[in-house]
Amino acid sequence: MSLHKEQQIKIYNTLSGKKETFTPIEPGHIGMYVCGPTVYSNVHLGNVRTFMSFDMVFRYFKHLGYKVRYVRNITDAGHLENDADAGEDKITKKARLESIEPMEVVQRYTVDFHNTLNTFNFLPPSIEPTATGHIIEQIELVKKIIANGFGYEVNGSVYFDVHKFNESYTYGILSKRKLEDLIHNTRALDGQSDKKNPQDFALWKKAEPQHIMRWPSPWSDGFPGWHLECTTMSTKYLGEHFDIHGGGMDLKFPHHECEIAQNEAAVGRSPVNFWMHANMLELNGQRMSKTTGNIINPAELLSGKNDIMSKAYSPSVIRFFIAQSSYRSILDLTNDGLLSSEKGFLRLMDAINALDELKAGTASTFDIAEWQQRCYDAMNDDFNSPILIANLFEAVKYINQLKEGTATLTAEDLELLKSSMHSFCFDILGLENVGITDSSSEKLAGAVELLIELRQQARANKDFALSDKIRDQLAEKGIQLNDSKEGTTFDVK
RNA sequence: GGCAUCAUGGCCGAGUGGCUAGGCACAGCUCUGCAAAAGCUGCUACAGCGGUUCGAAUCCGCUUGAUGCCUCCA
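Along every chain, residues carry numbers that run from 1 in the direction the sequence is written. To read the labels, note that chains go from A and ligands from 1, taken in the order they are written. Totals for whole chains, interfaces and linings use every residue, but because this is a predicted model, local features are given only for residues with pLDDT of at least 70 and side-chain atom pairs only at 80 or more, for both listing and counting. Computation of side-chain values covers all heavy atoms of the structure but excludes hydrogens and water.

Within an unreviewed UniProt entry, the label attached to chain A reads Cysteine--tRNA ligase, and the organism entered is Subsaximicrobium wynnwilliamsii. According to UniProt, the comment filed for chain A under the heading Catalytic activity (unreviewed entry) is "tRNA(Cys) + L-cysteine + ATP = L-cysteinyl-tRNA(Cys) + AMP + diphosphate". UniProt positions are given in the numbering used here, feature names are shortened, and annotations may be inferred rather than shown by experiment. Within the UniProt record for chain A, the comment given under Subcellular location (unreviewed entry) is "Cytoplasm".

Structure follows, in structure tokens:
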């Protein structure tokens, strides 16, 4: 039984500005391309949010049984500091500033990127291609664009002729811009003498003599333009026409617009059915910015070593926080928001952990199948994870009532509830359960359990001075005792 | 300046032309030797001003504000 045949997904398509019913080009298969990072510095928390959104999309498709090819590139060359002729490649600049090889920069920050994503429990993409690994293909693409009359060479560099392109196609359909408006609003920049028009963009740049990253081409020893790699690699691995292309909102223009133009100029068709854009992450109501200091990186957030948050937050709490808002909304990262998410997340995990102890009854007082479909409906509606989470908390209520004995489920329904909770929380949202597993924690547990036993004896003897001393002093050390009818458990805060 | 997106209760955040989001906080209750934890119950909003409509927070217009892009950015 293929789940994806039963669940009809709607996706907000930037191209149309509407939610559209999603139908893969090839039934049962999905091709998805997401613009990955330029590895010239440590991964930005905003990147994490964007990629996490698409990780969730990837996870959901997989859960539904689609065969997904998810391509997420690594930009390790070609990303210019700016569009002027003197614009320097970001990797090259970083290498120059630190007096190391460009490939050392690439290696260092690629490793950081992967480590961070692993920490946040990301699934690896199916293919993670690099720009430098596809120089030949990029050169071939430039040749094609020139042959079709949409590229021109000046002094060893090749530019895309946006004005010429706009005569046969429409430049700006994705970002809803008109070329005319762009012409009027383009600021004058120095050093653009090589281009016919300021709206043109580089397909190939001639390298200055001191430029280390360079490859031979018919036009010059140089390097490819930034937009080119995504067109090249998406075409190579997903074909000239594929299902979904994603990225951060800020890539909509010009990057994604240029990708469409390059594809149309090369093969005469728009490459992508669905364009998806994840919105920005703010910190305390303002965009993150290195210059103003309003910034926090993933490692600082996870370790608690920062001046912005009151404590460290686990990767799953951050994932949960992010999943509580829609990927298309601007999300404001705040300490209060994280604290509130953390409490909610722990309550959800408590409920899931309680599932295994529940006993089946002879009848069901909840319609679990209907509840499960509501969870699917939420995800089918443009991956609405906040609504999914609202439904998960409804299940928390069910679980608590089952625990209290005020509700019952048949064995079959109980099994469905368990498997659904696991699927939605862990497989789809990518959360990880909190549990005590390492050996030092086990030793701690042993010690605390001894104290719990001593406290129980004191309470039985009505020696409340002693029992309260044990409880309160443990609390001071961050160990909280939880009394219930079944006995006493503890949490490390 | 241009283009685009958005403005929801104490806070965070969904959503819909008429009927409960959810989380956190808060209040009451249950439990408890007292607490804490946990559970249950309650809390009803949609920037401002016009318009369309039997009815709009939801559609349209204007105003105000925020954010993104227009120069590198997920």
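A. Expanded view of the packing of helix α7 (residues 226–238) against helix α8 (residues 252–267). Their axes nearest at 9 Å, the elements α7 and α8 cross at an angle of 55 degrees. As the angle between them shows, α7 and α8 are arranged oblique. Between α7 and α8 the crossing geometry is right-handed. Taking contact as the criterion, the partners of W226, H227, L228, C230, T231 and T235 in α7 are, on α8, P254, H255, C258, E259, Q262 and N263. Ten residues, namely Ala, Val, Leu, Ile, Met, Phe, Trp, Tyr, Cys and Pro, are considered nonpolar, four, namely Asp, Glu, Lys and Arg, are considered charged, and the remaining ones, Gly among them, are considered polar. Of the residues that constitute the contact of α7 with α8, the class distribution is 5 nonpolar, 6 polar and 1 charged. Angular values range over 0 to 180 degrees, each being the angle between N-to-C directions of two axes fitted as lines to C-alpha atoms, with helices fitted over their stretch in contact. Here a helix means four or more residues in a row that DSSP labels H or I, a strand means two or more in a row labelled E, and each is numbered from the N terminus. By definition in this entry, angles of less than 35 degrees are roughly parallel, angles greater than 145 are roughly antiparallel, angles of 65 to 115 are roughly perpendicular, and the rest are oblique. Crossings are sorted by hand: turned counterclockwise from the far helix by less than a right angle, the near helix makes the crossing left-handed, and turned clockwise it makes it right-handed. Any two residues having at least one pair of non-hydrogen atoms within 4.5 Å are treated as being in contact.

B. Fine view of the domain arrangement of chain A. Those domain boundaries reflect an automatic or database domain assignment. Domain parsing of chain A yields domain 1 (3–278), domain 2 (312–428) and domain 3 (439–492). Computed over C-alpha atoms only, the centres of domain 1 and domain 2 are separated by 36 Å. Taken together, the contact between domain 1 and domain 2 spans 27 residues of the former and 24 residues of the latter. Summed over both partners, the interface of domain 1 with domain 2 comes to about 2400 Å²; 59% of that surface belongs to carbon and sulfur atoms. One side-chain nitrogen of Lys or Arg within 4 Å of one carboxyl oxygen of Asp or Glu is enough to make a salt bridge. Joining domain 1 to domain 2, the criterion identifies 2 salt bridges. The closest approach of N and O atoms between K19 and D381, which form a salt bridge, is 2.9 Å. In protein, a polar contact means a hydrogen-donor-capable atom and an acceptor-capable atom, both N or O and within 3.5 Å, with residues adjacent in sequence counting only if both atoms are side-chain atoms; elsewhere, any N or O pair within 3.5 Å suffices. Where domain 1 touches domain 2, the interface holds 16 residue pairs in polar contact (both at pLDDT 80 or more). Using a 1.4 Å probe, buried area is obtained as the accessible area two parts lose upon being combined, added over both of them.

C. Seen up close, the side chain of T75. With respect to the helices and strands, the residue T75 is situated in the loop between β4 (67–72) and α2 (90–98). The exposure class assigned to T75 is buried, which follows from its relative accessible area of 2%. Within the structure, the side chain of T75 is placed 2.8 Å from the side chain of E229, a separation counted as a polar contact. In contact with T75, other than residues within four places in its own chain, are P37, T38, V39, I91, W226 and E229. Note on exposure labels: buried denotes an accessible area under 20% of the residue type's maximum, exposed denotes more than 50%, and partly exposed covers the range between, all computed with a 1.4 Å probe on protein chains only.

D. Focus on α8. End to end, α8 covers 21 Å across 16 residues, agreeing with the expected 22 Å (1.5 Å per residue, within 8%). Burial analysis of α8 places 12 of its 16 residues in the buried class, which makes it a mostly covered element. Listed as buried for α8 are H255, H256, E257, C258, E259, I260, A261, Q262, N263, E264, A265 and A266. The positive-phi residue at the C-terminal boundary of α8 is G268, with phi of around 80 degrees. Expected span of a helix: the number of residues minus one, times 1.5 Å.

E. Summary view of the nonpolar core. Nonpolar cores are built from buried Ala, Val, Leu, Ile, Met, Phe, Trp, Tyr and Cys residues. Side-chain atoms within 4.5 Å join them into one set. Membership of the largest hydrophobic core comes to 93 residues, with the highest contact counts inside it found for F61, L333, L348, F383, L417 and M421. The element best represented in this core is helix α1 (residues 45–63), accounting for 10 residues. Of the residues that make up this core, three or more belong to each of domain 1 (3–278) and domain 2 (312–428). If we skip the residues at most four places from it in the chain, M421 touches L348, I352, L355, W371, L392, A395, I399 and F426.

F. Quick look at the side chain of D413. Following the sequence through the fold, D413 ends up in helix α14 (residues 411–428). His is not counted here, nor are the chain ends, while Lys and Arg score as positive and Asp and Glu score as negative. No salt bridge is formed by the buried D413; the nearest opposite charge belongs to R374, separated by 12 Å. Among the polar contacts listed, one links the side chain of D413 to the side chain of S364, at a separation of 2.5 Å. When near neighbours in sequence (up to four residues on either side) are disregarded, D413 contacts S364, F366 and I368.

G. The environment of E257, seen in detail. Examined against the element boundaries, E257 turns out to sit in helix α8. As for E257 and G172, which are separated by 85 residues in sequence, their C-alpha atoms are 6.1 Å apart. Within the local environment of E257, its side chain forms a polar contact with the side chain of S175, the two groups lying 2.6 Å apart.

H. Main features of the packing of aromatic side chains. Only rings of Phe, Tyr and Trp enter the pairing, Trp through its six-membered ring, and a pair is recorded when the two centres are within 6.5 Å. The plane angle decides the type: under 30 degrees is stacked, over 60 is edge-to-face, the rest tilted. Summed over the entire model, instances satisfying the criterion amount to 20 aromatic pairs. Taking 5.7 Å as the distance between ring centres and 85 degrees as the angle between the ring planes, the aromatic pair formed by F61 and Y66 counts as edge-to-face. Its relative accessible area of 0% is what places F61 among the buried residues. Arranged with centres 5.8 Å apart and planes meeting at 50 degrees, the rings of F320 and F345 form a pair that is tilted. A residue pair is termed long-range when its members are at least 10 positions apart, and F320 in helix α10 (residues 315–323) and F345 in helix α11 (residues 335–355) qualify at 25 residues. Each of the two residues, F320 as well as F345, counts as buried. Through a chain of ring-to-ring contacts, the aromatic side chains of F22, Y60, F61, Y66, F274, Y376, F383 and F424 assemble into a single cluster. The criterion for a charge sitting over a ring is simple: Lys NZ or Arg CZ within 6 Å of the ring centre, and within 35 degrees of the ring normal. Cation over ring: K196 sits above Y152, and NZ or CZ is 4.5 Å from the ring centre. In this structure, R328 packs its charged tip against the face of Y12, placed 3.9 Å from the ring centre.

I. Region of interest: a nonpolar patch on the surface. Here a patch means residues that are over 30% exposed by relative accessible area and free of salt bridges, tied together within 9 Å if like-charged and within 5 Å if nonpolar (Val, Leu, Ile, Met, Phe, Trp, Tyr). With residues, only the protein chains shown are counted as cover, and all accessible areas are computed by Shrake-Rupley using a 1.4 Å probe. On the surface, L450, L451 and L454 cluster together into a nonpolar patch covering about 240 Å² of accessible area. Looking at the secondary structure, you find L451 in helix α15 (residues 439–460).

J. Quick look at empty space enclosed by the protein. With a 1 Å grid spanning the protein atoms alone, the term cavity applies to any set of points in which a 1.4 Å probe fits but cannot get out, the term pocket to an open set with protein on both sides within 12 Å along at least five of seven lines, and the term lining residue to any residue with an atom within 4 Å of a point. Grid points are joined across faces, edges and corners, and a volume is the space filled by probe spheres set on the points. All told, the structure shown has 2 cavities of 30 Å³ or more when counted by the stated rule. The space that makes up the largest cavity amounts to roughly 110 Å³. Of all the secondary structure elements, the ones that give two or more residues to the lining of the largest cavity are α1 and α10. Ranked by residue count, the leading element in the lining of the largest cavity is α1, at 4 residues. Among the residues making up the lining of the largest cavity, the classes are represented as 6 nonpolar, 3 polar and 2 charged. Empty space within the second largest cavity amounts to approximately 30 Å³. Lining of the second largest cavity is provided by T231, S234, F242, H245, E259, N263, P271 and V272. Here the lining of the second largest cavity is composed, by residue class, of 3 nonpolar, 4 polar and 1 charged.

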